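# Coordinate inspection notes
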Amino acid sequence: MDLKVSFRDPDLLHRIIDEIKHTISRPWVIMEICGGQTHSIMRHGLHQLLPPEIELIHGPGCPVCVTSIELIDKAISIASNPDVIFTSYGDMLRVPGSKLDLYSVKANGVDIRVVYSPLDAINIAQQNPAKQVVFFAIGFETTAPANAMTVLMADKLNLANYSMLVGHVRVPPAIQAILGSHENRVQAFLAAGHVCTVMGYWEYFPISDTYHIPIVITGFEPVDIAQGILFAVRQLEHNKAEVENAYSRVVTQPGNIAAQTVINQVFKTCDRNWRGIGIIPNSGWALQDKYERFDAELKFEFPEFQPEESSLCISGQILQGIIKPPDCPAFAVLCSPENPLGATMVSSEGACAAYYHYNRGNL
Ligand code: SF4
């Protein structure tokens, strides 16, 4: 069976949508956490197939979008050092810092290299012993195991010229922050299936209990997302608040223990500043003290930063589901993927980019 085709099967999708329509009796607000899910919803027009009682709002699960402006300013500062080769995934390069982005710095001749794996950065460090090689380690729980592996490798190879600028973020504390906000409107969550593939979903039980809210582990294809919504609606209609796995072909409750072991070996939890949102307690990972010699924030000195967000960008409200991208006055007028004012318009997982690419004709 071709899984990809099957999970985009229109007949199956319409049967699930019909089931949602038969089940629902009143309005519900459901948040998909992950920007990958937001893009899938928009790309496949899933939001237009759902009954009008369902409002989907888009969560902060876009790692590029939530990386703090201060960390981007630090990345630019490190990269501008002539003794440094700075390495990063490509989608971080267009994200605006206070005044510049990494792309414009690279265009001025600074040695910034796009990598497709953190192991590429290790190879570059081995090939360039006279340079300091820094990897911009951002992302949720999905990218953390591979990034942690590079630290173990660098340690084993005794690589003195490798370090990471760490901006890792964690999903469960972000869900708690949204639920604890007085502006919260979310009545059920679709949790990100790929994050739960790594971490399992045991962390969600106390959140669901405390806030009496359904949390459904959901995949990324249209049928997956529709099924996640159906599970959430069934719970909401029956006043249930459970953690349910709608992505069981991939996710198990304990998750990938080997990956979690590597993460815990290298990282410790820390408070993290989320762009547009602010500091969320215990929402990040930083390097364990044992590996602090690989911490670029300790290896390099920085000028005093005054992080400045565009006064026009209200992506913080979008990342918390308070408003939607078309509600931003700059959307598609002053702000576009070619001329982004905020990170949510840059990233392939950003909500503003999703509306811009797939939903402008429906506004
Ligand atoms: S449309 Fe642009 S300016 Fe408005 S919130 Fe999104 S990224 Fe920021």
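In case you missed it, the structure is sitting above this.
All of the points below concern the structure found in this document. (Residues numbered from 1 in each chain as written. Predicted model: local features only at pLDDT ≥ 70, side-chain atom pairs only at ≥ 80, totals over all residues. Heavy atoms only, no water.)

Near the ligand lie 13 residues; those nearest to it are C313, C328, C335, T344 and C352. Assessed atom by atom at 2 Å from the grid points, the ligand resides in the largest cavity. Looking at the shell around the ligand residue by residue, the class counts come to ten nonpolar, three polar and no charged. (Near = heavy atom within 4 Å. 1 Å grid on protein atoms, 1.4 Å probe; cavity = no way out; pocket = protein on both sides within 12 Å on 5 of 7 lines; lining within 4 Å. Sits in = over half its atoms within 2 Å of the grid points. Nonpolar A, V, L, I, M, F, W, Y, C, P; charged D, E, K, R; others polar.)

Next up on the list: the nonpolar core. F86, Y162, F189, Y204 and F267 are the most contacted members of the largest nonpolar core, which totals 87 residues. Excluding its chain neighbours within four sequence positions, the residues that come into contact with F189 are M31, I33, I175, I178, L179, I213, P214, I215 and V216. Counting residues in hydrophobic clusters, the runner-up holds 26 residues, among them I24, I41, L50 and I225. (Core = buried A, V, L, I, M, F, W, Y, C linked by side-chain atoms within 4.5 Å. Buried < 20%, exposed > 50% of the residue type's maximum accessible area, 1.4 Å probe, protein only. Contact = heavy atoms within 4.5 Å.)

Further remarks concern the sheet that holds strand β10 (residues 267-274). Strands in a sheet are paired, the pairing made by backbone hydrogen bonds, and the direction either parallel or antiparallel. Across the sheet, six strands lie side by side as β4-β3-β5-β6-β11-β10; this open sheet has mixed pairing. Single-partner strands in this sheet number two, and they are β4 (112-114) and β10. Strand-to-strand twist in this sheet, taken as the mean axis angle between neighbours without regard to direction, amounts to 25 degrees. Summarising the sheet, strand β3 (residues 84-88) and strand β5 (residues 132-139) pair through four bridges and their orientation is parallel. (Pairing = 2+ DSSP bridges. Helix = DSSP H or I, 4+ residues; strand = E, 2+ residues; numbered from the N terminus. Axes fitted to C-alpha atoms, helices over the stretch in contact; angles between N-to-C directions.)

Quick look at helix α3 (residues 35-43) now. Counting buried positions along α3 yields eight of nine residues, so the element is predominantly enclosed. Along α3, the positions that sit buried rather than exposed are G35, G36, Q37, T38, H39, S40, I41 and M42. Downstream of α3 by a residue or two, G45 has a phi angle that is positive, lying close to 65 degrees.

Here we take up a nonpolar patch on the surface. Together, L119, M153 and L157 line one region of the surface with nonpolar side chains, adding up to about 230 Å² of accessible area. You can see M153 is positioned in helix α9 (residues 144-157). Taking relative accessible area as the criterion, M153 reaches 31% and is therefore assigned partly exposed. (Patch = residues over 30% accessible without salt bridge, like charges linked within 9 Å, V, L, I, M, F, W, Y side chains within 5 Å. Areas by Shrake-Rupley, 256 points an atom, 1.4 Å probe, with all protein chains shown as cover. Salt bridge = Lys/Arg side-chain N within 4 Å of Asp/Glu carboxyl O.)

Reading across the sheet, the five strands line up as β2-β1-β7-β8-β9 and stay open at both edges, with parallel pairing between neighbours. At either end of the open sheet lies a strand with only one pairing partner, and these are β2 (54-61) and β9 (243-245). Neighbour-to-neighbour, the strand axes of this sheet turn through a mean angle of 25 degrees, independent of strand direction. Sheet analysis places strand β7 (residues 188-192) next to strand β8 (residues 215-218), joined by four bridges and oriented parallel.

What follows deals with the state of the cysteines. By definition, a disulfide links the sulfur atoms of two cysteine residues through a covalent bond. In this structure the tally under the stated criterion is one disulfide. Put simply, C62 and C65 are joined by a disulfide, and their sulfur atoms are 2.1 Å apart. Every disulfide takes its handedness from the sign of the S-S torsion; for C62 and C65 that torsion is 70 degrees, giving right-handed. On the basis of relative accessible area, C62 is assigned to the buried category, the value being 2%. (Disulfide = S-S within 2.5 Å.)

What follows is about the pattern of salt bridges. Following the criterion strictly, the structure yields twelve salt bridges and no others. Note that K74 is salt-bridged to E297, the shortest N-O span being 2.6 Å. You can see K74 sitting in helix α6 (residues 69-79) and its partner E297 sitting in helix α15 (residues 296-299), a full 223 residues away along the chain. Linking E308 and K99 is a salt bridge whose minimum nitrogen-to-oxygen distance equals 3.5 Å. One end of the pair, E308, is in the loop between α15 and α16 (315-319); the other, K99, is in the loop between β3 and α7 (102-107), and 209 residues separate them in sequence. One network of salt bridges, in which partners are shared, links E55, R185 and K324.

Time to look at empty space enclosed by the protein. One pass over the full model with this rule turns up two cavities of 30 Å³ or more. In this structure, the largest cavity is lined by 15 residues; those nearest its centre are C313, I314, C328, C335 and C352. Residue composition of the lining of the largest cavity, grouped by class: twelve nonpolar, three polar and no charged. In terms of lining residues, the second largest cavity is bounded by G35, T38, H58, G59, C62, C65, I318, L319, T344, E349, G350 and A351. In the lining of the second largest cavity, the residues fall into five nonpolar, six polar and one charged. (Points joined across faces, edges and corners; volume = space filled by probe spheres on them.)

Attention shifts here to the packing of aromatic side chains. Within a pair of aromatic rings, the relevant descriptors are the distance that separates the centres and the angle that separates the planes. Within this structure, the stated rule accounts for seven aromatic pairs. Ring centres 5.5 Å apart and planes at 90 degrees place the aromatic pair Y89 and F135 in the edge-to-face group. Highlighted residues: Y89 in the loop between β3 and α7 and F135 in strand β5, separated in sequence by 46 residues. Ring centres of F220 and Y247 lie 6.2 Å apart, and the angle between their planes is 75 degrees; this geometry places the pair in the edge-to-face category. Of this pair, F220 sits in the loop between β8 and α13 (222-237) while Y247 sits in the loop between β9 and α14 (257-266), and the two are 27 residues apart along the sequence. The same class applies to F220 and to Y247, which are both buried. Residue placement shows R26 over the ring face of W28; its charged tip is 4.1 Å from the ring centre. Over the face of the ring belonging to F302 we find K74, whose NZ or CZ atom lies 5.1 Å from the ring centre. (Phe/Tyr/Trp six-rings, centres within 6.5 Å; stacked < 30°, edge-to-face > 60°. Lys NZ or Arg CZ within 6 Å of the ring centre and 35° of its normal.)

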